[in-house]
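Each chain, letter by letter, is given below.
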Amino acid sequence: MIAWLRKLLQGEEPPQPDTLAKQLALVIDLNVCVGCHACVTSCKQWNTSGSAGPLADVDAYGASPTGTFFNRVQTYEAGHYPDTQTVHFPKSCLHCEDPPCVPVCPTGASYKRKSDGIVLVDYDKCIGCKYCAWACPYGARELDEARQVMTKCTLCVDRIYSDTLPPEERKPACVMACPTGARLFGDVKDPDSEVSMAIRERGGYALMPEWHTRPANQYLPRQVTPAAEDGA
Amino acid sequence: MNPAWSVVLFTTLAGAAQGLVVTLALAELAALPMSTTFLADALALAVGVLVAALVASSFHLGRPARAWRAVSMWRTSWLSREVIVLPVFIGVCALWWLALRQGWDLPWLPVAALVFAAALWLCTAMIYACIRFIQEWAQPLTLVNFTLIGMSSGLVLACALAALAGQRALLLAAAPIALVLTVAAGVTRIAALSRNARLRPKSSLQSATGIHSPNLKQMSMGMSAGAFNTREFFHRRTPALLRQVKNAFLLLGFALPALLLICGLATESLWPWLLALALQVPGLIAERWYFLAQANHPQNLYYQSVA
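In what follows, the accompanying structure is described. (Residues numbered from 1 in each chain as written. Chains lettered and ligands numbered in written order. Predicted model: local features only at pLDDT ≥ 70, side-chain atom pairs only at ≥ 80, totals over all residues.)

### Overview of the overall build of chain A
Secondary structure assignment for chain A yields seven helices and eleven strands. Over its C-alpha trace chain A gives a radius of gyration of 19 Å, about what one expects of a compact globule, namely 17 Å for 232 residues. When the backbone C-alpha atoms are referred to their principal axes, chain A occupies close to 70 × 50 × 40 Å. Going through the 232 residues of chain A one by one, you find that 47% of them count as buried. Counting contacts in chain A only where the partners sit at least 6 residues apart, residues at least 24 apart contribute 59% of the total. (Helix = DSSP H or I, 4+ residues; strand = E, 2+ residues; numbered from the N terminus. Rg over C-alpha atoms; globule rule 2.2 N^0.38 Å. Buried ≥ 20, exposed ≤ 12 C-beta atoms within 10 Å, placed from the backbone. Contact = placed C-beta atoms within 7 Å.)

Rendered as structure tokens:
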């Protein structure tokens, strides 16, 4: 009993589930993101227009507009003058391979698809208890104020498998919209995919590795380009 | 975290009702002389408090009409397990009350009540303790505190009821245990506070972003007027207020009730028992509010700067 409790409370690493054969994910290139928020607006546009219903906008034209977004672009400053950097940092659900938000869901509304690793919410089963949001260290989930269900990035599951969109548009809306190509999309389990090669060659990394959630989305770090010599 | 009153009230009220039922069950199993009417009335009160707690918890849901779905994921979710155990516990208590009223002889009911009260504490505490990256919660003391605080408040409530109803045998048996467990609950709560005061967060802005610069700061969280992430996870109270709440709950929830219990044992008058209850209820509500507020969610690293 004591050992069982101790195991429950702290000891063990979370169980490592079978690795899926396919895991769709985004790879974000921080080296070229310019912080234009085109991914944010295109995500909102696509996902507010789908069959799942609109993403709430509360007080949209008032003093404190707030609404549901699946993707945000944040901005950080790093370093000391004169060696400073401004880093624009897009942030959405990381589709963890070991998603802590899924086992805590009491209804089974939160789930991870075996076929492609996308973490989704079944809006018809969600009771809006917010426990999954508590259990996500990344703050990737947002409760929709109007529908009172939990929402999050779906990797545009209704685009990427669409029969009606032309094949070249069967990508997440954010990837389509990015003017600098900072967002790559693909199967990180396929070693020859664009995303796998980018992770391998550019030193792709996961956020908050200390919690062993094994995020599928990865980030490509800034590369500091040395200043050209005078006259060179 | 931003404490939700529904959760604060639910866990505090249910804990006290569980403690009361455990006290009554142990008294019954120990064959303490107790009037059946008193036992039935106290059980009816416990059931009433549990139902009130259940109603309070439903206010935490965005879609309460779908709450029945929450029984399905008991294999993985402590919340689902709680949703199953709570109504069963209420049912056992209600059946015990009915058996007393009808004169049925069902001696296993107090045992079942003990088992389900313990199971409910386990489920409720594990909902918090199992979230490994909320370091203030992910510790064995969370389970100890939920149980001891529930027992303390249940025993204080049982003493007040026994004093009011003139159940001397129960009062004399329960009061010393109430005193010991109230002191114990205060000590383990202080242990949790001092552990949390020494916590070093495992996550940093550097690990959250992977930008390994010692001088890293957020210029913009990507929105100007806040979102679910800023409403749910920030309590926006000052450190001074938090300190006052902490001092208040240590005093009202543990120290004063313990002194009043001693007073009650020494003076044999009614008022110390009632005053202990009257002070402990707001004290423990403040305790649970503080428990939730003190949790520092790692997602907050991403929401530091409005722009």
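Let's pick the thread back up.
### Some thoughts on the nonpolar core
Side chains of a nonpolar character, in soluble globular proteins, are inclined to be buried together. Residues and elements named next belong to chain B. Of all hydrophobic cores here, the largest spans 166 residues; its most connected members are A17, V21, A46, C93, A158, C159 and A174. With 14 residues, the single largest contributor to this core is helix α1 (residues 5-29). What A46 contacts, discounting residues up to four positions off in sequence, is A17, L20, V21 and C93. (Core = buried A, V, L, I, M, F, W, Y, C linked by C-beta atoms within 7 Å.)

### Things to note about the interface of chain B and chain A
Between chain B and chain A, the contact holds 51 residues from the first and 50 residues from the second. At the level of elements, α3 (78-102), α4 (108-129), α7 (205-209), β1 (216-220) and α8 (228-233) of chain B are the ones that each hand at least two residues to the side of chain B that touches chain A. Broken down by element, the side of chain B that touches chain A gets its largest block of residues, five residues, from β1 of chain B. Bridging between strand β4 (residues 71-80) of chain A and β1 of chain B involves four bridges; their strand directions are antiparallel. Along β1 of chain B, the bridge assignment pairs T75 of chain A with S220 of chain B. (Pairing = 2+ DSSP bridges.)

### Some words on the sheet that holds strand β5 (residues 83-92) of chain A
Strand order in the open sheet formed by three strands is β5(A)-β4(A)-β1(B), and the pairing between neighbours is antiparallel. Unpaired on one side and paired on the other, β5 of chain A together with β1 of chain B mark the two borders of the sheet. The mean angle between the axes of side-by-side strands here comes to 30°, regardless of whether they run parallel or antiparallel. Inspection of the sheet shows β4 of chain A paired to β5 of chain A by ten bridges, in the antiparallel sense. (Axes fitted to C-alpha atoms, helices over the stretch in contact; angles between N-to-C directions.)

### A look at the environment of W97 of chain B
All names here are of chain B. Take W97: it is sitting in helix α3. Exposure remark for W97: the 20 C-beta atoms within 10 Å place this residue in the buried category. For the pair W97 and L109, spaced twelve residues apart in sequence, the C-alpha to C-alpha distance is 9.6 Å. Here W97 is in contact with A40, L43, A44 and V47, once residues within four sequence places are set aside.

### Brief notes about unusual backbone geometry
Note on backbone geometry: most residues besides glycine have negative phi, and most peptide bonds are trans. Residues and elements named next belong to chain A. Following Y81, the chain continues to P82 via a peptide bond in cis, the omega torsion being 5°. Examined against the element boundaries, P82 turns out to sit in the loop between β4 and β5. Of note in the backbone geometry, L155 takes a positive phi value of approximately 55° without being a glycine. For L155, the location among the structural elements is in the loop between β9 (150-151) and α5 (157-160).

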